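Residue-level structure breakdown
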Amino acid sequence: MPFPFPTGAARLAAAACALALTALVGCSDGGGGGGGGATESATRSSASGGTQVTIKDFTFEPASLTVSPGAKVTVVNKDSTTHTLTASKGGSFDTGDIAPSKSATFTAPSTAGDFPYACTIHPFMKGTLTVQ
Ligand SMILES: [Cu+2]
């Protein structure tokens, strides 16, 4: 019976395993750090651009927004106080009160033109919606 042979083979196999483990650890140590996932948010912000107004630091951003007639415009309030986005003349659109970190949607006028708006709570907050 070749009794010592399996024992020797097992010892070899164990040694090979240890080597393989060492190699794996070395590999993950050296090859780590592939970079983060920052591209996803950039893609999303460009996709949502165009029909959104953000309110931050008592400012409409962008202050001048151009949309198509009848477009749905989303207004996001990123301040810690309530704001509105209300047409200054004619009252053709009005979000009503937008609570902090909430959003509201209004429909742009169906006729072309410049429509100045303001916040009814803070009248110094002004912007213009251009429909064309
Ligand atoms: Cu306001």
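Residues numbered from 1 in each chain as written. Predicted model: local features only at pLDDT ≥ 70, side-chain atom pairs only at ≥ 80, totals over all residues. Heavy atoms only, no water.

**Quick look at the overall build of the protein**
For clarity, the cut-off: Secondary structure counts use DSSP, requiring at least four H or I residues in a row for a helix and at least two E residues in a row for a strand, with both numbered from the N terminus. Whether a residue is buried, partly exposed or exposed follows from its accessible area with a 1.4 Å probe, protein chains only, as a fraction of its type maximum: under 20%, in between, or over 50%, in that order. A contact between two residues is defined here by any heavy atoms of the two lying within 4.5 Å. Exposure was quantified through the Shrake-Rupley algorithm and a 1.4 Å probe, taking into account, for residues, occlusion by the shown protein chains and nothing else.
Helix and strand counts for the protein come out as two helices and eight strands. What you see in the protein, going N to C, is helices and strands ordered as α-α-β-β-β-β-β-β-β-β. Evaluated residue by residue, the protein yields a buried proportion of 26% over its 132 residues. Relative to all contacts within the protein whose residues are 6 or more apart in sequence, the contacts with residues 24 or more apart total 47%. Here the protein displays about 8,500 Å² of accessible surface, and carbon together with sulfur accounts for 60% of that area.

**Comments concerning the pairing of strand 3 (residues 64–67)**
Convention followed: Whether two strands pair depends on DSSP finding at least two bridges between them.
The two faces of strand 3 differ: Leu 65 and Val 67 on one face are buried, but Ser 64 and Thr 66 on the other face are not. Pairing of strand 3 with strand 8 (residues 126–131), which is carried by four bridges, proceeds in the parallel orientation. The partner of Val 67 across the bridge, within strand 8, is Val 131.

**Considerations on the coordination of the copper ion**
How we decide: For Na, K and Ca the donor cut-off is 3.2 Å; for every other metal, N, O and S atoms count as donors within 2.8 Å. Water does not enter the count, which can leave sites looking incomplete.
Around the copper ion, the protein supplies His 83 (ND1), Cys 119 (SG) and His 122 (ND1) as donor atoms, at distances of 1.9 to 2.1 Å. Going along the chain, you hit the donors of the copper ion in the pattern H-x35-C-x2-H. Taken together, the positions of His 83 in the loop between strand 4 (72–77) and strand 5 (86–87) and Cys 119 in the loop between strand 7 (113–118) and strand 8 put the pair 36 residues apart, joining distant regions of the chain. Given a relative accessible area of 0%, His 83 falls into the buried group.

**Focus: the side chain of Asn 77**
So the rule is basically this: Pairs of N or O atoms within 3.5 Å make up the polar contacts considered here, provided that, within protein, one atom can donate a hydrogen while the other can accept it, and that residues adjacent in sequence are counted only when both atoms are side-chain atoms.
Position of Asn 77 among the secondary structure elements: in strand 4. At 2.9 Å, the side chain of Asn 77 and the backbone oxygen of Thr 81 are in polar contact. One polar contact links the side chain of Asn 77 to the main-chain carbonyl oxygen of Ala 99, over a distance of 3.4 Å. In this view, Asn 77 contacts Ile 55, Thr 82, His 83, Ile 98, Ala 99, Pro 100, Ser 101 and Lys 102; residues no more than four positions away in its chain are not counted.

**A word on the nonpolar core**
Proteins that are soluble and globular tend to have nonpolar side chains buried together. Put simply, the rule reads: Put simply, a nonpolar core is a bunch of buried Ala, Val, Leu, Ile, Met, Phe, Trp, Tyr and Cys residues held in one set by side-chain atoms that sit within 4.5 Å of each other.
Counting residues in each nonpolar core, the largest one holds 21 residues, and the members touching the most others are Val 53, Phe 60, Val 67, Leu 85, Phe 93 and Leu 129. Of all the secondary structure elements, the ones that give two or more residues to this core are strand 1 (52–56), strand 3, strand 4, strand 6 (103–107), strand 7 and strand 8. With residues up to four places along the chain from it excluded, the contact list for Val 53 reads Phe 60, Glu 61, Pro 62, Leu 65, Val 73, Thr 74, Val 75, Val 76, Leu 85 and Tyr 117.

**Focus: the sheet that holds strand 4**
Inclusion rule: Every axis corresponds to a line fitted to the C-alpha atoms, with the helix fit spanning only the stretch in contact, and the corresponding angles, defined between N-to-C directions, vary from 0 to 180 degrees.
One open sheet accounts for four strands, arranged 2-1-4-6; its pairing is mixed. In the strand order of this sheet, the two ends are held by strand 2 (59–61) and strand 6, each with one partner. Taking the axes of each pair of neighbouring strands and ignoring which way they run, one obtains an average angle of 25° across the sheet. As paired elements, strand 1 and strand 2 share three bridges and run antiparallel to each other. Pairing of Ile 55 across the sheet is with Phe 60, part of strand 2.

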